[in-house]
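# Fold and geometry: a report
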Amino acid sequence: AVVDVSSFSSPSCCLTRHLYLRCRVDFGARALRGTVALTARAEREALRCLVLDTKDLQIFKATVNGQDAKFGFGQKHSFKGTPLEITFPFELRRGQEAIVEISFESSPKSSALQWFTPEQTSGKKHPFLFSQCQATHCRAILPCQDTPAVKLTYYAEVSVPKELVALMSAHRDGEMPDPEDSSRKIYRFSQNVPIPCYLIALVVGALESREIGPRTLVWAEKELVDKSAYEFAEAEAMLQTAEDLAGPYVWGQYDLLVLPPSFPYGGMENPCLTFVTPTLLVSITLPKVIAHEISHSWTGNLVTNKTWEHFWLNEGHTVYLERRIGGRLFGEQLRQFQALGGWRELQNTINTLGETNPITNLVPDLNEVDLDTAYSSVPYEKGFALLFHLEQLLGGPDIFIGFLKAYIQQFAYKSITTEDWKKSLYSYFKDKVDVLDKVDWNSWLHAPGMPPVKPTYDMTLANACVALSQRWIKAKESDLCSFNSADLKGMSSHQLIEFLALLLLEAPLPVSHVKRMQEVYNFNAITNSEIRFRWLRLCIQAKWEEAIPLALKMATDQGRMKFTRPLFRDLYSFDKSRDLAVKTFLEQRACMHPVTSMLVGKDLKQDQ
C-alpha cells in the first residue's frame, strides 16, 4: 500500500466516509469550538481503534455510536502535529461502520486559520476569518484523516455573529437564528461529492454577493464586490469551455470569493467556492488564475493525488487544462506564449532551489519534509512541460485531450499515484507504445533540475520580448540613450511581464540601466501586480536604493507568497535594505498569515 508520510492516519485500517461538523466561531477567543462526527468504516477484522491527525487542538470527549470512548494523544511532531488515538468500546468487523464523535477546540495559533480584527478589513466594522487547509492544515481545525488518499462527504452547521455571513466549500443549505444565542445565526452546508479533507474550507465575514452567471455568485466585502463582479464576468464562458474539454462539471455551484490581501495564494480551488486573492483585481493574469481554479474541478478535486509526492498530478494537469482553456478563448499563440513563460518560471525556480535539489524532482521524497517549505512551481511547470511534451509526441492537442478526458473519467472520485496515471497513458495510447517507451521516464519523474527535453514553443509572441531584453542586457552606458518609450509600442501586458522575467533570469543589470528604464518606460507608475512585482525585483537586484520603499510596500500591502517571499528575499540580500526588511517583517509578523509568517521568517533567518 502507498504510505502517506505526511499523515498519522492509517486508512488501510479504517476509512472515514462522511463528516458532520457542528461548531461555533468565537472571534474573541480566536477559536473554533464544537463537535465533529465521523462515519468510519472498518477496513479489516476486529478493529479496536482509529488514529486521526490533529495539530494544536484541544480534545474534550470522544464517543463511538454514543458510547464513551477512551482517547489519547501520541507524540507531537514539529510540523505534522499530534496523532489522536481513539479506542472503541467494542470491536468492529470488516465493512462495519460506526459514528465517532469528538468534541474539540482549535488554537488561536492554528496554522489553518487567519483571524482579522475589524481594522484589518476593507469595511473596518466587523472581524473576518478564513481557512486554508491545503496541504496538511485541516488537522489544525478539526480531528480528521488528513490525507488526500481519503475522500468523504460532509455536512456542517456553523454558528457566527448574526451580522456576518459564513460560507464553506459546499452548497449553502439555509440559515436560522442560533437557538442558544439570539445574537448569533447558524449557517448550514452540504457537500455531497466526496472530497479530501484539504478541500474543506470556511470563511466568515461581512460578505455580499453578486450574481454573474447561472451557477456563479461572486462574494466579497461590500467595498470590492462590484469591481470583483465586473472582473470575473468571464467565469461562465470558462466553465463551459472547461466542460467541453474535460467533461461535465459535477459540483453544481461555482462561486468565487475575494479574500483580504493577506491570502497567501493566487487562488485555492475549494469546491463550489474558489478562493482568490484581491491582487488579481489589479492584474492581467486574472483569466489565467480563474481558468486554473476552474480546471481543478476535474484535475485535483475529482481526480486527486493519493499522497503529496504525486502533487504534480493535481497541478501539472490543471496548468495543462488552464492553458487549453486560454487557447480556446484567446488563441493558440497565447497558449504557446504562456507555455514558454511557464518554462522560464521553472528555470527561475530551479535557479533559486538549485539544480541538484531533490525537492525539484517531479515526484520528490517527502519523508520528514514540511510541505509548506517544499512548495514551488515545480509540480506545476515541470508537470505541465511533461504533458506538453507528450502532447507533441503523441499527435497534437486534439489527440491528447482525448486522453485527458478518458483519464478523468477513469479516475473520477478516486485518489491515484503517478504509476496509475502512467498505466492509463500506456493503455490509452496502446498503438503508440514505441513512442512512449522513448520517453526518459526516470529523468522526467525522478531526477532533479530542468527536464531532460525542452518541448517546442511557437515563438511569435515571445520574439519581441527576447529582442528587447537582449538589447538591455547587451547595452553599454553609451547605448542607454538609444532606448525610448516607443520600444514598448505594440507590446501587451503579457509581453511586458515576459520581458521583465527574461531580465530576471540574467545577472543583475547595472543601476544606471534600471534608472534609464524608469525614465523611458515609467514602470513605477504601473499598478498591475505581476508587472510591478518583477520590475521591483529587477530594481532591488540592481541595487537601486530608491526602489527600497516601493518594494517593501508591495511586500507588506499584500501577502500573496508568490510576491511577498521573493521581494523580502531580494531586500534581505541587498546590504542597504537588509536591516529595514527584517525590522519591517518583525513589525508586520503579527498580522501576517501564519504560513507566510513562518516562511518569510525562515527566508530572513528570523525563525524562532
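Rules used in this analysis
The residue count restarts for each chain, going from 1 along the sequence in the order it is written. Only residues with pLDDT of at least 70 are given local features in this predicted model, and only at 80 or more are side-chain atom pairs given and counted; all residues enter the totals for whole chains, interfaces and linings. Side-chain metrics in this entry use all non-hydrogen atoms of the structure; hydrogen atoms and water are not considered. By convention here, the domain bounds are inherited from an automatic or database domain assignment. When checking whether two residues touch, look at their non-hydrogen atoms; a contact exists if any pair is within 4.5 Å. Buried area is understood as the total, over both parts, of accessible area removed when two parts are fitted together, assessed with a 1.4 Å probe. When a carboxyl oxygen of Asp or Glu lies within 4 Å of a side-chain nitrogen of Lys or Arg, that pair is called a salt bridge. Here a polar contact means two N or O atoms within 3.5 Å. Within protein one must be a hydrogen donor candidate and the other an acceptor candidate, and residues neighboring in sequence count only if both atoms are side-chain atoms. Secondary structure counts use DSSP, requiring at least four H or I residues in a row for a helix and at least two E residues in a row for a strand, with both numbered from the N terminus. Any two rings among Phe, Tyr and Trp, with Trp reduced to its six-membered ring, count as a pair given centres within 6.5 Å; such a pair is stacked if its planes are under 30 degrees apart, edge-to-face if over 60, and tilted if neither. A 1.4 Å probe rolled over the protein chains alone gives each residue an accessible area, and that area as a share of the maximum for its type sets the label: buried under 20%, exposed over 50%, partly exposed in between. A pair of strands is labelled paired if DSSP reports no fewer than 2 bridges between them. Structural elements are reduced to axes, namely lines fitted to C-alpha atoms, with helices fitted over the stretch in contact, and the angle between N-to-C directions of any two is expressed from 0 to 180 degrees. We call a set of buried residues a nonpolar core when its members are Ala, Val, Leu, Ile, Met, Phe, Trp, Tyr or Cys and they connect through side-chain atoms within 4.5 Å of each other.

## Here we look at the domain arrangement of the protein
Domain parsing of the protein yields domain 1 (1–205), domain 2 (206–297), domain 3 (301–446) and domain 4 (461–604). Once you take the C-alpha centre of each, domain 1 and domain 2 turn out to be 25 Å apart. Residue-level contacts link 28 residues of domain 1 with 25 residues of domain 2. The largest contributions to the domain 1 side of the interface with domain 2 come from Gln132, Leu167 and Arg172, which together make up 21% of the buried area. For the pair domain 1 and domain 2, the number of links is one salt bridge. Between Arg172 and Asp255 there is a salt bridge, and its shortest N-O distance comes to 2.8 Å. Our count for the domain 1 to domain 2 interface comes out at six residue pairs in polar contact (both at pLDDT 80 or more). Breaking the side of domain 1 that touches domain 2 down by element, the ones donating at least two residues are strand 9 (113–116), strand 10 (128–131), strand 12 (165–168), strand 13 (171–177), strand 14 (184–195) and strand 15 (202–205).

## Description of the packing of aromatic side chains
For the coordinates displayed, the defined rule picks out 36 aromatic pairs. Considering the side-chain rings of Phe403 and Phe429, the 6.0 Å spacing of their centres and the 45 degrees angle between planes classify their relative orientation as tilted. Of the two residues, Phe403 is situated in helix 8 (residues 397–411) and Phe429 in the loop between helix 9 (418–428) and helix 10 (433–437); the sequence distance between them amounts to 26 residues. Accessibility expressed as a relative area gives 0% for Phe403, which makes it buried. Consider the rings of Trp421 and Trp441, whose centres lie 5.9 Å apart with planes at 75 degrees: the pair is edge-to-face. Placement of Trp421 in helix 9 and of Trp441 in helix 11 (residues 441–446) is noted, with a sequence separation of 20 residues between them. An aromatic cluster is defined as three or more aromatic residues linked by ring pairs; in this entry it consists of Phe116, Phe128, Phe130, Tyr198, Phe263, Tyr265, Phe275, Trp308, Phe311, Tyr375 and Tyr380.

## Some details on the sheet that holds strand 3 (residues 47–54)
Strand order in this open sheet of three strands is 3-7-6, and the pairing throughout is antiparallel. Of all the strands in the sheet, the pair left with one neighbour each is strand 3 and strand 6 (70–73). Taking each pair of neighbouring strands and ignoring which way they run, the sheet shows an average axis angle of 20 degrees. Where strand 6 lies against strand 7 (residues 82–92), four bridges are found, and the strand directions are antiparallel. Residue pairing in the sheet places Phe73 in a bridge with Leu84 of strand 7.

## Focus on the sheet that holds strand 11 (residues 152–161)
With respect to topology, eight strands assemble into an open sheet ordered 5-4-8-2-1-11-14-13, the strand pairing being mixed. In this open sheet, the two strands that pair with only one neighbour each are strand 5 (67–68) and strand 13.

## Remarks on the nonpolar core
Note that soluble globular proteins tend to have their nonpolar side chains buried in a common cluster. Counting 200 residues, the largest nonpolar core has Leu390, Trp421 and Phe499 as its most contacted members. With eight residues, helix 7 (residues 378–394) is the single largest residue contributor to this core. With sequence-adjacent residues up to four places away left out, Phe499 is seen in contact with Cys465, Leu468, Ser469, Trp472, Met491, Met517, Tyr521 and Phe523.

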